[in-house]
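A look at the structure
Below, each chain spelled out in residue letters.
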Amino acid sequence: MRIVSADTGGALLTEDYEPVGLIATAAVLVDKPYRTATLSIVKYGNPFDYDMSGRQAVREEAFLAVELARKVRPDVIHLDSTLGGIEVRKLDGPTIDALTITDRGKEVWKDLAKDLQPLAKKFWEETGIEIIAIGKSSVPVRIAEIYSGIYTAKWAVEYARENGKAIVGLPRYMTVEIRPGKIYGESLDPREGGLFGEIEANTEGIGWEIYPNPLVRRFMVLEVWRE
Amino acid sequence: MRIVSADTGGALLTEDYEPVGLIATAAVLVDKPYRTATLSIVKYGNPFDYDMSGRQAVREEAFLAVELARKVRPDVIHLDSTLGGIEVRKLDGPTIDALTITDRGKEVWKDLAKDLQPLAKKFWEETGIEIIAIGKSSVPVRIAEIYSGIYTAKWAVEYARENGKAIVGLPRYMTVEIRPGKIYGESLDPREGGLFGEIEANTEGIGWEIYPNPLVRRFMVLEVWRE
Amino acid sequence: MRIVSADTGGALLTEDYEPVGLIATAAVLVDKPYRTATLSIVKYGNPFDYDMSGRQAVREEAFLAVELARKVRPDVIHLDSTLGGIEVRKLDGPTIDALTITDRGKEVWKDLAKDLQPLAKKFWEETGIEIIAIGKSSVPVRIAEIYSGIYTAKWAVEYARENGKAIVGLPRYMTVEIRPGKIYGESLDPREGGLFGEIEANTEGIGWEIYPNPLVRRFMVLEVWRE
């Protein structure tokens, strides 16, 4: 099964570990044996001007996933929104009202569906590929989350090269290593069965340190500086 | 403390990872240091004709646990049903009504208790051994779950030898290895302190692969084929 | 960021693994990279005469944390009480009523605040250091929990030297090793990013074994005996 998914993660942090804004939306193509991506793309946000409500994230994830899916033609697209695996092209008002989610969630999805339902319907009509709102249960969604953390590390390297230093928070229980010419990342939860990723990056002249975020258990902080 | 417990797990899957039915109920004898079983037995279900409501599972687990307990005379029997550790022989109507579980759970247990309460009462009168509904808190129940996964792998090996191939889903966060003459399995959650199991099996002429189930995070898929 | 925190953990167990009472309150100073303590102190309870309601624990943790903080002057004190990070010096009646916690929790905190609010206010006026009720989200609180387990092992060694044997339960998913002249402990959850601790202890002439508590999944039992 070839699956495309997308997720947003990684936050710029202050010296006191307060989040400023999210950094990276990653879309990935995942194929058997479902432990890493065979292809990935990224869209960087502006962490200094970020809508933290979460609505921006889901919309950009959907559009980025469709962008990747146009090229690689997967069997299905997984979105990080936990609506029980429903097809996004079917999300009209009455269907959203019938979901067993909070009233707030219904309101958000009625707004989101204005853009995403036509997107999903059009993409399905053109390609036969469904976009499903499967959420946290999906391994490709978790792999996209790990890639959003790896791209966040790349962003931090580039930011530090220009500005001297960057402190970023990674997505939940994952870590990264900055290696010569590449950035490697992996899940810290062995129950997930060994999920990891790697991208190329110019890592010359960069020092780094990774350690637990003291204020948010199970999340790691990456500090990067120009040497 | 010598404890007998039982649990059901492992599912036959389609090529698209959809569950067809459950495969194995395992009963185990667990003794100090409580990391594996000193004895195990199995009852295979028919995954092509399986009642997925969960009622069949608890009933078969209780009967299989009592079958093993008759031979090995443990101190106590643990069932995988989370009723706060109550003795099953005491489960009459008013007691079930007083439990802090859902109305649906009460209905199920009133039905189950018709068979299991007399079974537990008779077994206790004969042997003094209690059957308690302790559920997920019990380490022996988790060890039984791991053995149900190991026996599922054995079932898959035999099924593949006859039919060419099998795809099965293992119980939550555990993995297996098919070794010469045996099948080894272990928990993927290090917080559990190193739980594992092993059984003998004819593994000749069998190829296998294990990988994360892309649709159900933290669950592994085992594919087995005739070589 | 230099953080002081405190937590209580470790229980004396009967031969049947029933808890008798809690053993150790530990306060720790944690500094970057936030994986262990640079300093720790302990206050032992009397497990044979212990108020298991939890009220005793929070009060003693607060007083022990302030005792350590007087010496080391951290930036902030973290208490193991999950009130969203609110400053304890601000906990008057109306503020407690406005918290989104259970009515029972409000009652407990109204009682606790009688001692702790003046303590926090006085300490803040003297030093400018806030005491915040951040709870499980805090890594230093988890490190304090790990130290409470390490000190529990030390208590067990001393108890066994006098009385022949001790069986204790450690805090959630952590383990210890009794080494020559020291006791080492670490988290069993790799998602936490490698939290550990070590203290000096006279460990001569002591045998020990660690294994999963069969009745409480993800908790370990330590047995210690005089050799």
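The structure contained in this document is the topic of the report that follows. (Residues numbered from 1 in each chain as written. Chains lettered and ligands numbered in written order. Predicted model: local features only at pLDDT ≥ 70, side-chain atom pairs only at ≥ 80, totals over all residues. Heavy atoms only, no water.)

1. Points about the interface of chain C and chain A
Worth spelling out the cut-off: By definition, residues are in contact when any of their heavy atoms lie within 4.5 Å. In this description, buried area is defined as the sum, over both parts, of the accessible area (probe of 1.4 Å) that is lost when the two are combined. The working definition used for a salt bridge is a side-chain nitrogen of Lys or Arg within 4 Å of a carboxyl oxygen of Asp or Glu. Numbering of helices and strands starts at the N terminus; helices are DSSP runs of H or I of at least 4 residues and strands are runs of E of at least 2.
Chain C puts 21 residues into the contact, and the matching count from chain A is 19 residues. Across the interface of chain C and chain A, roughly 1,700 Å² is buried in total on both sides, 58% from carbon and sulfur atoms. Across the pair A:Arg217 and C:Glu192 runs a salt bridge, and its minimum N-O distance is 2.8 Å. Considering every element that reaches the side of chain C that touches chain A, the biggest residue donor is helix H4 (residues 139-163) of chain C, with three residues.

2. A short note on unusual backbone geometry
As a reminder of what qualifies: The classification of residues rests on relative accessible area computed with a 1.4 Å probe and restricted to protein chains. Under 20% of the type maximum is buried, over 50% is exposed, and intermediate values are partly exposed.
Cis geometry is found at the peptide bond from A:Lys32 to A:Pro33, where omega equals 10 degrees. Counting through the fold element by element, A:Pro33 comes out in the loop between strand E2 (19-30) and strand E3 (39-44). Although it is not a glycine, A:Arg73 adopts a positive phi angle of roughly 50 degrees. Here A:Arg73 lies in the loop between helix H1 (55-72) and strand E4 (76-79). Given a relative accessible area of 47%, A:Arg73 falls into the partly exposed group. Positive phi, close to 80 degrees, is recorded for C:Arg218, a residue that is not glycine. Within the secondary structure, C:Arg218 sits in the loop between strand E11 (206-212) and strand E12 (220-226). Judged by relative accessible area, which is 27%, C:Arg218 ranks as partly exposed.

3. Looking at the interface of chain B and chain A
Selection criterion: For this analysis, a polar contact is any N or O atom pair within 3.5 Å, provided that within protein one partner can donate a hydrogen and the other can accept it, and provided that sequence-adjacent residues contribute only side-chain to side-chain pairs. The residue classification treats Ala, Val, Leu, Ile, Met, Phe, Trp, Tyr, Cys and Pro as nonpolar and Asp, Glu, Lys and Arg as charged. All others, Gly included, are polar.
Across the boundary between the two partners, chain B contributes 19 residues, which contact 21 residues of chain A. Overall, the association of chain B and chain A removes approximately 1,700 Å² of surface from exposure, summing both partners, and the carbon and sulfur fraction of that is 58%. In terms of surface lost to chain A, no three residues of chain B exceed B:Pro212, B:Pro214 and B:Arg217, which account for 42% of the buried area on that side. Summed over the shared surface of chain B and chain A, the number is three salt bridges. B:Glu209 serves as the salt-bridge partner of A:Lys32, at 4.0 Å between the closest nitrogen and oxygen. The interface formed by chain B and chain A contains eight residue pairs in polar contact (both at pLDDT 80 or more). Listing elements by their share of the side of chain B that touches chain A, those giving two or more residues are strand E11 (206-212) and strand E12 (220-226) of chain B. The element best represented in the side of chain B that touches chain A is E11(B), accounting for four residues. Looking at the side of chain B that touches chain A residue by residue, the class counts come to eleven nonpolar, one polar and seven charged.

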